[in-house]
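Residues per chain are reported as follows:
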Amino acid sequence: MRLFAAVLPPKDAVRELGAAVDELHRLPGADGLRWTARPGWHFTLAFYGEVAEETVPELSERLARAARRTAPFPLALHGGGHFGDRALWVGAEGDVPALRLLADRAEAAARKAGLPMEVHRRYRPHLTVARTRASRSAAPAPGPASVDFAAYLSALDAFAGREWTVGELCLVRSNLPQSGVPGEQPRYETVASWPLGAADGPGTAAG
């Protein structure tokens, strides 16, 4: 199964960001972007790729330990950025060092469970709200060679969502589109979650 560790924003934060993203839809060129669905908004901490089912229990146990070692911390959605001409994202403010620490621990959990991980890079918190055609493949896409995100970034600069307390670490399954219908997006399913700072106790499995 295709898995990653993540922090999921609460419904109120998603609603606030949704209102801001609705405004971005009115900007020139918005129709040419692939906007991510709100149920899939998340901060990826560590991406694991395809994980064998027999490896999931050990990975889960190590993620539970990572959660227990990390105290709850404040976070808020704020501002934005982009990765080249591939993706537009919203950033975070608050206790970002704690978020980075949790990301490092989620990555270390995978390595200790025997999963092959890419070379470690400094974690940059981002919640992807839109992608471009160029992000689908290395092949040149029809139309402009690049996307000018300036207007979108200018609008996001003023965005500051309400603060919430990050209280759990989630293991999420990404179910890739199978129908072949244009515009279909991945479906995300929370496999398990663990409270931060909890002394003991198993994770909560999703139904």
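Look up: the structure comes first, before these words.
Below is a summary of the structure that appears in this document. All of these numbers come straight from a predicted model, not from anything done at the bench.

Cut-offs applied
Residues take numbers from 1 onward in each chain, read along the sequence in its written order. This being a predicted model, a pLDDT of at least 70 is required before a residue's local features are given, and a value of 80 or more before pairs of side-chain atoms are given or counted; all residues contribute to the totals for chains, interfaces and linings. Computation of side-chain values covers all heavy atoms of the structure but excludes hydrogens and water. At least two DSSP bridges between two strands are required for those strands to pair. Secondary structure elements follow DSSP: runs of H or I no shorter than four residues count as helices, runs of E no shorter than two count as strands, and numbering proceeds from the N terminus. Residues are treated as being in contact if the distance between any of their heavy atoms lies within 4.5 Å. Only C-alpha atoms enter the line fits that serve as axes; for helices the fit covers just the stretch in contact. Angles between N-to-C directions range over 0 to 180 degrees. Note on ring pairs: Phe, Tyr and Trp rings are taken, using the six-membered ring of Trp, and paired if centres are within 6.5 Å. Classes follow the plane angle, with under 30 degrees stacked, over 60 edge-to-face and the rest tilted. Residue exposure (1.4 Å probe, protein chains only): buried if accessible area is under 20% of the type maximum, exposed if over 50%, otherwise partly exposed. What qualifies as a polar contact is a pair of N or O atoms within 3.5 Å, subject to a donor-acceptor requirement within protein and to the restriction that residues adjacent in sequence count only when both atoms come from side chains.

## Digging into the sheet that holds strand β2 (residues 34–35)
Point 1. If you trace the five strands from one edge of the open sheet to the other, you get β2-β6-β5-β4-β7, paired in antiparallel fashion. Each having just a single partner strand, β2 and β7 (164–166) make up the two edges of the open sheet.
Point 2. For strand β4 (residues 73–83) and β7, the ladder comprises three bridges, and the chain directions are antiparallel. Residue Pro 74 lies in a different strand from β7, and its bridge partner there is Thr 165.
Point 3. Most of the contacts of helix α3 (residues 96–112) go to β4, to which it runs at about 80°, and overall it touches β4 and β5 (87–94).
Point 4. On top of the sheet, helix α4 (residues 150–157) reaches β2, β4 and β5; it is set at about 160° to β4, its chief contact.

## Structural notes on the pairing of β4
Point 1. Of the pairings in the sheet, the one linking β4 to β5 comprises eight bridges and is antiparallel in character. Among the inter-strand pairings, Phe 83 is bridged to a residue of β5, identified as Ala 87.
Point 2. Joining the antiparallel neighbours β4 and β5 is a turn of three residues, in which Gly 84 adopts a positive phi near 55°.

## Describing the packing of aromatic side chains
Point 1. Scanning the entire structure with this criterion turns up four aromatic pairs.
Point 2. Judged by centre distance (6.2 Å) and plane angle (50°), the ring pair of Trp 35 and Tyr 152 falls under tilted. Taken together, the residues span a long stretch of sequence, with Trp 35 in strand β2 and Tyr 152 in helix α4 at a distance of 117 residues. As far as burial versus exposure is concerned, Trp 35 and Tyr 152 are alike and both buried.
Point 3. On the numbers, 6.2 Å between centres and 75° between planes, the contact of Phe 149 with Tyr 152 is edge-to-face.
Point 4. Residue classification places Tyr 152 among the buried residues on the basis of a relative accessible area of 2%.

## Section: the side chain of His 42
Point 1. Tracing the backbone shows His 42 in the loop between β2 and β3 (43–50).
Point 2. For His 42, a relative accessible area of 13% gives the class buried.
Point 3. For His 42, the side chain forms a polar contact with the main-chain oxygen of Gly 40, separated by 2.5 Å.
Point 4. There is a polar contact of 3.1 Å between the side chain of His 42 and the side chain of Thr 44.
Point 5. Once you skip the residues sitting within four places of it in the chain, His 42 turns out to touch Phe 4, Ala 6, Val 7, Leu 8, Pro 9, His 126, Leu 127 and Tyr 188.

By themselves these figures say nothing about function.
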